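Below, each chain spelled out in residue letters.
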Amino acid sequence: MNITQTFYDNMASQYDKLFLDWHSTTREQAEILDRIFRDNGFDTSARILDCACGIGTQAIGLASLGYNVTGSDISDAELAEARSRAARDNLQISFKNADFCNLSESFSEPFDIIIAMDNALPHMLTASDLQAAVRSITRQLANGGMFVASIRDYDELLKSKPPYSPPYIHKTDSGQRVSFQTWEWNDNRYRLIQYIIDDCGTPQVSRFECEYRATRRDELTDLLLSCGCRSVVWKFPEETGFYQPIIIALTF
């Protein structure tokens with residue numbers, strides 16, 4: 001089991017604590033993605049693969065809008081959490097353990113849209129790993145398909161290499177919750193430690209560790225074009241309402 005699997009397996013039961021209201025977030029993000037899909041000629045008849053679905057944040061939101069969604073991830077614990085949440089919302093979503101670097105091993109059919117949100121691609125720690133992921137994803141798209149992903153704004157972050165992210169502070173019924181990350185940089189890679197502190201009188205601290213590679217927009221754009229995409233466009237938070245830059249790639 002690699003560091004990414006361990007990170008998400010350990011976080012599965014607490015991942016929703018990163019949001020003030022996880023259910024509201026699923027709806028808000030689904031509406032943002034729905035606008036992107038429709039702006040590019042797709043509607044709820046599109047077959048969607050969320051290839052880094054986690055606990056289902058985007059997959060569940062999109063399914064609630066009527067999309068046919070399949071979710072995949074490398075974390076069994078997060079997949080179990082996603083299945084449970086989808087069942088509670090009476091949503092029919094197929095979830096499967098799959099590595100987005102080798103999607104053809106798990107899926108025989110192509111998809112109209114593949115998404116990988118919430119900074120999933122920068123888990124690829126080398127240029128060759130990222131190339132394998134992009135090649136795998138684009139090969140799983142139908143003709144005229146679309147890939148949508150979000151990553152942190154590493155073009156900006158690499159200028160200063162900040163040692164931490166600003167904290168999120170959420171009020172709870174019994175106190176408050178504080179979540180933040182520390183980042184230890186080594187060239188263009190960094191070790192991230194996610195802290196979640198539940199302060200309900202006696203503070204409870206959870207700690208999760210992972211590693212990322214800061215991926216510049218030009219690198220990802222060039223990879224998608226070299227893997228057969230005809231168009232690659234970046235959209236920024238002030239334009240979409242999403243908290244990270246979003247890349248939209250269309251295939252022939």
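Here, every reference points to the structure presented above.
Residues numbered from 1 in each chain as written. Predicted model: local features only at pLDDT ≥ 70, side-chain atom pairs only at ≥ 80, totals over all residues. Heavy atoms only, no water.

## With respect to the sheet that holds strand β6 (residues 168-172)
- If you trace the four strands from one edge of the open sheet to the other, you get β6-β7-β8-β9, paired in antiparallel fashion. The sheet is open, and its two borders are formed by β6 and β9 (204-213), each paired with just one other strand. Going across the sheet, the axis of each strand differs from the next one's by a mean of 15°, ignoring polarity.
- The pairing of strand β7 (residues 175-186) with strand β8 (residues 189-199) spans 11 bridges and is classified as antiparallel. Following the sheet pairing, E184 is matched in β8 by R191. (Pairing = 2+ DSSP bridges. Helix = DSSP H or I, 4+ residues; strand = E, 2+ residues; numbered from the N terminus. Axes fitted to C-alpha atoms, helices over the stretch in contact; angles between N-to-C directions.)

## Points about the packing of helix α2 (residues 22-39) against helix α3 (residues 57-64)
- Remark: α2 packs on α3, axes separated minimally by 8 Å, with the N-to-C direction vectors making an angle of 70°. By the angle between their directions, the pair α2 and α3 is classed as roughly perpendicular. By crossing handedness, the relation of α2 to α3 is classed as right-handed. For the pair formed by α2 and α3, the contact residues are W22, T25, T26, Q29, A30, L33 and F37 on the first element and T57, Q58, I60, G61 and L62 on the second. (Parallel < 35°, antiparallel > 145°, perpendicular 65-115°, else oblique. Left-handed = near helix turned anticlockwise from the far one by under 90°. Contact = heavy atoms within 4.5 Å.)

## Describing the packing of aromatic side chains
- Under the criterion given, the structure shown has 11 aromatic pairs.
- Aromatic ring contacts, followed pair by pair, group Y154, W183, W185, Y190 and Y212 into a single cluster.
- Sitting over the face of the ring of W22, R85 holds its NZ or CZ atom 4.5 Å from the ring centroid.
- We note R152 situated over the ring of Y212; from NZ or CZ to the ring centre the distance is 5.6 Å. (Phe/Tyr/Trp six-rings, centres within 6.5 Å; stacked < 30°, edge-to-face > 60°. Lys NZ or Arg CZ within 6 Å of the ring centre and 35° of its normal.)

## So, the nonpolar core
- Ranked by size, the top nonpolar core spans 79 residues in total, and within it F37, F100 and F147 carry the most contacts.
- Examining the composition of this core, we find that six residues originate from one element, α2, more than from any other.
- Not counting residues within four places of it along the chain, the set of residues in contact with F100 comprises C51, A52, A120, L121, M124, A133, S136 and I137. (Core = buried A, V, L, I, M, F, W, Y, C linked by side-chain atoms within 4.5 Å. Buried < 20%, exposed > 50% of the residue type's maximum accessible area, 1.4 Å probe, protein only.)

## Topic: the side chain of N119
- When you line up the elements, N119 lands in the loop between β4 (111-116) and α5 (127-139).
- The residues touching N119, leaving out its near neighbours within four places in the chain, are S150, I151, R152, Y154, Y190, Y212 and Q244.

## Description of the pattern of salt bridges
- With the rule as written, the count across this model stands at 15 salt bridges.
- For R38, the salt bridge goes to D34, with nearest N and O atoms at 3.0 Å. Taken together, the residues span about one helical turn, with R38 and D34 both in helix α2 at a distance of four residues.
- Taking relative accessible area as the criterion, D34 reaches 15% and is therefore assigned buried.
- As a salt-bridge pair, E239 and K235 come within 3.0 Å of each other at their nearest N and O atoms.
- A relative accessible area of 26% means that K235 is categorised as partly exposed.
- Several salt bridges share partner residues, and in doing so they unite R189, R191, R207, E209 and E211 into one network. (Salt bridge = Lys/Arg side-chain N within 4 Å of Asp/Glu carboxyl O.)

## Thoughts on helix α7 (residues 217-226)
- Restricting attention to buried positions, one finds in α7 the residues R217, L220, T221, L223 and L224. Along the axis of α7, the buried positions cluster into a sector of 165°, meaning they face one direction only. Residues of α7 that are exposed and angled more than 90 degrees away from the buried face: D218, D222 and S226.
- Against the buried residues of α7 lie α5, β5 (141-150), α6 (154-160), β10 (229-235) and β11 (246-251).
- A positive backbone phi angle near 100° is found at G228, which sits one or two residues after α7. (Arc of directions from axis to C-beta.)

## Re the sheet that holds β5
- An order of β3-β2-β1-β4-β5-β11-β10 is seen for the seven strands of this open sheet, with the pairing classed as mixed. Every other strand in the sheet has two partners, leaving β3 (94-97) and β10 as the edge strands with one partner each. Put simply, the sheet's adjacent strands are angled 20° from each other on average, direction ignored.
- Direction of pairing for β4 relative to β5: parallel, over a ladder of five bridges. Residue I113 lies in a different strand from β5, and its bridge partner there is M146.
- Its contacts with the sheet put helix α4 (residues 76-88) on β2 (68-73) and β3, and the angle it makes with β3 is roughly 175°.

## Things to note about the layout of surface pockets
- Within this model, the largest pocket holds a volume of roughly 900 Å³.
- The wall of the largest pocket is formed by 37 residues, among which R152, Y168, Q181, Y243 and Q244 lie closest to the centre.
- Looking at the lining of the largest pocket, the elements with two or more residues in it are α1 (3-11), α2, β6, β7 and β8.
- Among the elements that make up the lining of the largest pocket, the one with the highest residue count is α2 (five residues).
- For the lining of the largest pocket, the class distribution of residues is 21 nonpolar, 11 polar and five charged. (1 Å grid on protein atoms, 1.4 Å probe; cavity = no way out; pocket = protein on both sides within 12 Å on 5 of 7 lines; lining within 4 Å. Points joined across faces, edges and corners; volume = space filled by probe spheres on them. Nonpolar A, V, L, I, M, F, W, Y, C, P; charged D, E, K, R; others polar.)

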